[in-house]
Amino acid sequence: MRKSDVIFSLESSGLVQLRQIAIPEISTANFDVPRESENIMTAGLVATFDKAVAGFDQTISAIEAHPDVELGEAICSRLPMTIEAGDAQGLESVTNWLQNLKGIVHIDVVFVHYE
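Counting of residues starts from 1 at the beginning of each chain's written sequence and follows it residue by residue. Confidence filtering applies because this is a predicted model: local features only for residues at pLDDT of at least 70, side-chain atom pairs given and counted only at 80 or more, and all residues used for totals across whole chains, interfaces and linings. Side-chain metrics rest on all non-hydrogen atoms present in the structure, leaving aside hydrogens and water.

Caption draft 1: Seen up close, the packing of aromatic side chains. In this scheme Phe, Tyr and Trp rings, the latter by its six-membered ring, pair at centre separations within 6.5 Å, and the angle between planes marks the pair as stacked below 30 degrees, edge-to-face above 60, and tilted otherwise. In total, this model carries 1 aromatic pair according to the counting rule given. Considering the side-chain rings of Phe49 and Phe56, the 5.1 Å spacing of their centres and the 40° angle between planes classify their relative orientation as tilted. Given the relative accessible area of 3%, Phe49 is considered buried. Buried means the residue's accessible area, taken with a 1.4 Å probe over protein chains only, is under 20% of the maximum for its type, while exposed means over 50%, and partly exposed covers the values in between. Classification of Phe56 by relative accessible area gives buried; the value is 6%.

Right under this line is the structure:
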């Protein structure tokens, strides 16, 4: 454990409460760390559906089954996600596939990261 950090919270009465909590050390021993020779591109996307995401179970199932896609939590007609690929063509391929799925009317690319 490392030193305690102080947490501040605003109570409904308007008073500030101070608490100390212990923050555990995080071990990276069990994380898969890519070798330097592996190129990984990550993109954050938001898919916009033509109505609430909840009505597209088959589309959501297809996206969940894709090995390079990880879904976020849907908000109304928007579904955030990340995709990973070895190069820009891989990201573009997955993005094009997503654009052609039933119910999706637009894909916003929020960020792209290359390692």
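Caption draft 2: Broad picture of the nonpolar core. Of all hydrophobic cores here, the largest spans 20 residues; its most connected members are Phe49, Ile63, Met81 and Leu98. Where helices and strands are cited, they refer to DSSP runs of H or I of at least four residues and of E of at least two residues respectively, numbered from the N terminus. At the level of elements, β3 (41-49), α1 (57-65), β5 (78-85), α2 (88-99) and β6 (104-114) are the ones that each hand at least two residues to this core. Broken down by element, the residue count for this core peaks at 5 residues, all from β3. When neighbours within four sequence positions are excluded, Met81 is seen to be in contact with Ala43, Gly44, Leu45, Ala47, Ile63, Val69, Glu70, Leu71, Gly72 and Leu98. Throughout, nonpolar core names a set of buried Ala, Val, Leu, Ile, Met, Phe, Trp, Tyr and Cys residues whose side chains join them through atoms within 4.5 Å. Residues count as neighbours in contact if any of their non-hydrogen atoms are within 4.5 Å of one another.

Caption draft 3: α2, seen in detail. With 12 residues, α2 extends 16 Å from end C-alpha to end C-alpha; this agrees with the ideal 16 Å at 1.5 Å per step. For α2, the full list of buried residues reads Gly90, Leu91, Val94, Thr95 and Leu98. Down the axis, α2 shows its buried residues gathered within 130° of arc, on one side only. Regarding α2, its N-cap is Asp87, as a side-chain oxygen of that residue lies 3.3 Å from the backbone nitrogen of Gln89 further along. One fewer than the residue count of a helix, multiplied by 1.5 Å, yields its expected span. Each direction from the helix axis to a C-beta atom contributes to the arc, which is the arc of those directions. Polar contact is the term for a pair of N or O atoms within 3.5 Å; when the atoms are in protein, one must be able to donate a hydrogen and the other to accept it, and sequence-neighboring residues count only if both atoms are side-chain atoms.

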